[in-house]
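Here are the chains, one letter per residue:
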Amino acid sequence: MKPSIWLRVSFVVIMIVPAWGANLRACPVPARPANGLFSRDNLVAWCIVPYDGKQRTPAQRAEMLERIGLHKFAYDWRAKHLPGFDTELDELAKHKIELTGVWFPDTLNADAKFILDCLAKHHVHTQLWVASWAKDGGDQDAKVNAAAERMRPIAEAAAKIGCTLGLYNHGGWFGEPENQIAIIQKLKQQKITNVGIVYCLHHGFGDLDRFPELFGKMLPYLIAVNLNGTSKVPPGSGEPVVPVGWGKLDLSLLKVIKGSGYSGPIGIINESDEDAEGRLLDNIDGLNWLLPQLDGKPAGERPKLRTWHAPAGQ
């Protein structure tokens, strides 16, 4: 290579690589799925530990996930499950299942430290899904500052073992996406860059009228999105977790998500007393029924349900 050409190439490399590296460190968005956003290899099984009619053991759970072709899993737990977390990680590794997320306390208490120690021991890099709260009263800046200070130690502990903190919308002030964005921006001012948003449609009923606009705001921060069958319901009434494909708004919501360019993991949820395997399969079948419709193709025969009974006339 001629010296003049080499100098020009070197200059380009020097200018580009540091900028690319900085963006990579600041952006917790996962890699683009190989086979499409809603493909089975990008689906994350969520709420299948305490929410499982069969109350599977870690070994039974990992075997079930492998059998139905799901290789991503987010771990929710109750106190009785946590002592088995070390075994859970062994079983996931044995069955080649990625631990995409872990439900995590909003303070570094004994449970939080136990989870972190297990993840470090197994060299697992995952998302820590945290829901929190804000005191009543006080101005917006005070709430943002307080929430950022509460999240900072968790984010720093996560970063030390190669993990990401995901702010989870589980209601209240902390669960509002605009407030989560403000918390993330405050943390970025403090050089904390491993924080994103985990958005769960089941806790987003109040967002439905402005979902396209809101999803666009969240997009730069999103690290996971959890689906369920979604319909507009009266404020405060809530709705049982319905399988994907059986909510009146499912098709329109999926169009927004797909059209946004989001490329992270997609969760499907049990969160019921049903058999987790049956509910996961109901979600997969419902999603597969919707996918052709996203491309303007006619709906085929609606899949039969295993774990949920649609209201009469739906």
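What counts as what
- Residues numbered from 1 in each chain as written.
- Predicted model: local features only at pLDDT ≥ 70, side-chain atom pairs only at ≥ 80, totals over all residues.
- Heavy atoms only, no water.
- Salt bridge = Lys/Arg side-chain N within 4 Å of Asp/Glu carboxyl O.
- Helix = DSSP H or I, 4+ residues; strand = E, 2+ residues; numbered from the N terminus.
- Axes fitted to C-alpha atoms, helices over the stretch in contact; angles between N-to-C directions.
- Left-handed = near helix turned anticlockwise from the far one by under 90°.
- Contact = heavy atoms within 4.5 Å.
- Nonpolar A, V, L, I, M, F, W, Y, C, P; charged D, E, K, R; others polar.

K.L.:
Any chance you could explain the pattern of salt bridges here in plain terms?
P.N.:
Pairing between side chains of opposite charge can happen when the charged atoms of each approach one another. Evaluation of the coordinates by the stated rule reveals 21 salt bridges. Across the pair glutamate 178 and lysine 217 runs a salt bridge, and its minimum N-O distance is 3.7 Å. Note that glutamate 178 is positioned in helix 6 (residues 177-189) and lysine 217 in helix 7 (residues 211-218), a separation of 39 residues in sequence. Close ionic contact of arginine 306 with aspartate 285 constitutes a salt bridge, the shortest N to O distance being 2.9 Å. With arginine 306 in the segment after helix 9 (276-294) and aspartate 285 in helix 9, this residue pair connects regions lying 21 residues apart in the sequence. One continuous salt-bridge network, built from bridges that share partners, spans Asp52, Lys54, Arg56, Glu63, Arg67, Asp275 and Glu277.

K.L.:
Help me understand the packing of helix 7 against helix 8 (residues 250-260) in this model?
P.N.:
In a pair of packed helices, the angle between the axes and the distance between the axes together describe the arrangement. Interaxial distance between helix 7 and helix 8 falls to 10 Å at its minimum, and their mutual angle equals 30°. Handedness of the crossing formed by helix 7 with helix 8: right-handed. Mapping the contact onto sequence places Phe211, Pro212 and Phe215 in helix 7 and Leu253, Val256, Ile257 and Ser260 in helix 8. Each residue belonging to the contact of helix 7 with helix 8 can be placed in one class, and the counts come to 6 nonpolar, 1 polar and no charged.

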